[in-house]
Amino acid sequence: MKRLIIASLLFAMPMLSSAQAQPDLESGVGWTMTNLDLEVRIENDDPSMTVEGTMTVRLDIDRSSGPSFALNLSSTAMRWVTLDGPKNSQVQLNEELPGAEAALMANVRLDKAASRGDELDFRFALELTAPAPQLMARTDIALSSWVEAWYPVAITSLDYEQTFTAKTSTVSGTTTLDLPGEWIALSDGELTKREHSNGRTIEVWDLKGKPVARGFAAAQYTAAEREVDGRTIRIYLLNEHVMGVDQLAGLIAESMAAQEARLGPFPFAGYGVAEVPNDIEGWSAASQQTFIMSKSANFDLEHGNLPLWAHEMCHGWWGNTVGTSGPGAKVASESLAQFGVLISVEALEGVDAMVEFLEFSRSGYSRRQCARGYYSFIDQGQDHALATMGNSDLSGGTTHMLADSKGMWMYHMLRRRIGDETFFATLRGLIDEYGGRDMSLDDIRQAFVEAAPDQELEQFFAQWLDRTGAPRIDVAWSTPEAGRVEILLTQQADVDPFELDLVIEIEFEDGSTKRERVGVSGMESVLSVATSSGISVITLDPDRDLLIWRPAYDAPPSVDGVALVAMAPWVDVSVYEGSYFMEAIQETAMVYGGDEDLWVQAGDYLLQLFPIEHHRFKSNMGVVEFQIENGKATGFIVELDSGGNAEGVRVEDEGAK
Ligand SMILES: [Zn+2]
């Protein structure tokens, strides 16, 4: 089979420059939106989207000559048509926001300055003039994402980078959708009305006072619902899949029940999954605050892709309710969302399946978010100490992967060390304490140290968060005298040794087994065991309590059973089986991806592959074009210089190695 595949790209949304000046009367800042009622009308024959609505803002600084509202985070998709406010106020529409390339502003100047606490009401109309990566109206689907700022966002401070983000578009109110008659929508909040009349569908989604950054997906869906503890799980499918809509709804409902049993009530009115067509460019799955939009390909897995839904659902607690700040913040959001996969897989499939995921991840999910993936980062010199990682790199970047691999393991090891009761009670305590505000990695350390004071957790956290690497331990044994075996554990020589409370399982030649606990510290640890039988096998950490290297982690990844490793003079390219899913919880970044179950690692970038007919450049960060035939990969790695000129290196692979 001949396949021409081009890699997708990472691209960053325009960086917003920040201004630190104090707000003045003309700057339009200092206003907080307290309510927003949206009325969205979708046409599908000649596709269009108009967004009208009313909003209320309150002044939270002493004086202002009027508010400013912004649209559009990633590209100039929505335009202002009208904005009506207080009598005699002047309005300028579709103005620029310095430093935010895509933004279109509405600047309101009142005839008389407002004072702190004043509230103003506005009515507005917007239209979609060009599609954005997660905002579009087509004949078969219309969708919008909270990362696009597709409705007005009040600019609260002059520090635009902080204040004009997906997160600051959170506001309570209702979303009314006026849709083609065959269509239904999935949005945030409680569905309080769905009526079909005059060839149209009218829906009202009510946030019931809870501020949420909104999105929706609308199409001719087949839908299923499940109630879990008063919350509604909604599954919206476009096509038939291995797992039908009812079965998938059941799976995700069980996943939520499992996570609620550990973490407490899910913080939103419901959770949903909406399928979107594979031919939408630029992303594979997009997490909204209370649902996820995911391409058709992500549904075509025998196992139902539980890890993907479980991870995104768990962001409902970590990321969407508890915020993060400070160094290593991804360990306070991403790693905990990833731990949600362990909770769900353990509850639904058993502890062995959880261990399998910890070690090797799973098809349909990022193959690097596991122990094997983490050791590959070490091998490639891309490891970082979790506690010092920044929070700003791209979604598919290394820190994200480290948080979802080693960070997940850190929580797993912590749980095994202090026990389920203390571990989950401490997590629930953190949700209570930090819900609605930011939590730092230090806050997490402190909470666990206080919860388990006799567990030497300062040393545990220092070892797993403040330094790079993870243990590699060789085991050897000898029989210095009859009836006694000496077991020698040797740590890797070129890194500082780890301190571990290690269980080893000894299998004797007579078939009996025995477990011993060894305090490992320093380069070498010796254990003497009385035995009348010889040793056949020694297994380190048989229960997978610890992140330590195991021989299986060195087995090369493969595609169709063939290991593919292509080498170029200036960058290693590895083609793995697996796929990468876009995340948009914290980051204003996207991963260009597709439905091919392949991804490429090129330097620091993870690039998912997808088949397209012709070559297109999406950014200057790099393009990989691959052709895979009979298990051999040939292709190009191309980097564009600042003038847009391509410089490429052709790589040819020998096939299996
Ligand atoms: Zn995530």
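Along each chain, residue indices are assigned from 1 in the same order as the chain's sequence is written. Local features in a predicted model are, by the rule used here, given only for residues with pLDDT of at least 70; side-chain atom pairs are given and counted only at 80 or more, and totals for whole chains, interfaces and linings are based on all residues. As a rule here, side-chain values come from all non-hydrogen atoms in the structure, and water together with hydrogens is ignored.

## With respect to unusual backbone geometry
- Phi angles above zero are rare outside glycine, and Ala149 is one such case at about 50 degrees.
- Each helix corresponds to a stretch of at least 4 residues labelled H or I by DSSP, and each strand to a stretch of at least 2 residues labelled E; elements are numbered beginning at the N terminus. With respect to the helices, strands and loops of the structure, Ala149 is situated in the loop between β13 (141-144) and β14 (153-154).
- For Ala149, a relative accessible area of 2% corresponds to the buried category.
- Unlike most non-glycine residues, Arg544 shows phi in positive territory, near 60 degrees. Exposure is judged per residue with a 1.4 Å probe applied to protein chains only, and the accessible area is read against the type maximum: over 50% gives exposed, under 20% gives buried, and values in between give partly exposed.

## As for the pattern of salt bridges
- Think of a salt bridge as a Lys or Arg side-chain nitrogen and an Asp or Glu carboxyl oxygen that are within 4 Å of each other. For the structure on display, the rule yields 32 salt bridges.
- With its nearest N and O atoms 2.8 Å apart, the salt bridge here joins Asp178 to Arg200. One end of the pair, Asp178, is in strand β15 (residues 174-180); the other, Arg200, is in strand β18 (residues 200-206), and 22 residues separate them in sequence.
- Its relative accessible area of 17% is what places Asp178 among the buried residues.
- A relative accessible area of 14% means that Arg200 is categorised as buried.

## Focus on the confidence of the model for the protein chain
- Confidence of the predictor at the level of single residues is given by pLDDT, which spans 0 to 100. In this model, the protein chain carries an average pLDDT of 81, and 79% of its residues clear a pLDDT of 70 or more.
- Contact definition: two residues touch when any of their heavy atoms are within 4.5 Å. Every residue in residues 1-21 scores below 50 in pLDDT, and together they form 93 contacts with partners more than four places removed in sequence or on other chains.
- Low pLDDT, under 50, characterises residues 556-657; the stretch is placed with 316 contacts to residues that sit more than four places away or in other chains.

## A look at the sheet that holds strand β9 (residues 100-109)
- Read across the sheet, 4 strands follow the order β8-β9-β6-β14 without closing on themselves; strand pairing throughout is antiparallel. In this open sheet, the two edge strands, each paired with only one partner strand, are β8 (90-97) and β14.
- Pairing between strands is defined by DSSP: at least two bridges between them are needed. Of the strand pairs in this sheet, strand β6 (residues 68-71) and β9 are connected by 4 bridges, and their pairing is antiparallel. Bridging across to β9, Ala70 finds its partner in Met105.

## What about the pairing of strand β22 (residues 270-276)?
- The buried fraction of β22 amounts to 7 of the 7 residues, a majority that puts the element mostly inside the structure.
- Taking every second residue as pointing to the same face, both faces of β22 are buried, with Gly270, Gly272, Ala274 and Val276 on one and Tyr271, Val273 and Glu275 on the other.
- Here 5 bridges tie strand β21 (residues 231-237) to β22, and the two strands are oriented parallel to one another. Residue Arg234 lies in a different strand from β22, and its bridge partner there is Gly272.
- As paired elements, β22 and strand β24 (residues 291-295) share 5 bridges and run parallel to each other. By the bridge assignment for β24, Val273 is matched with Ile292.

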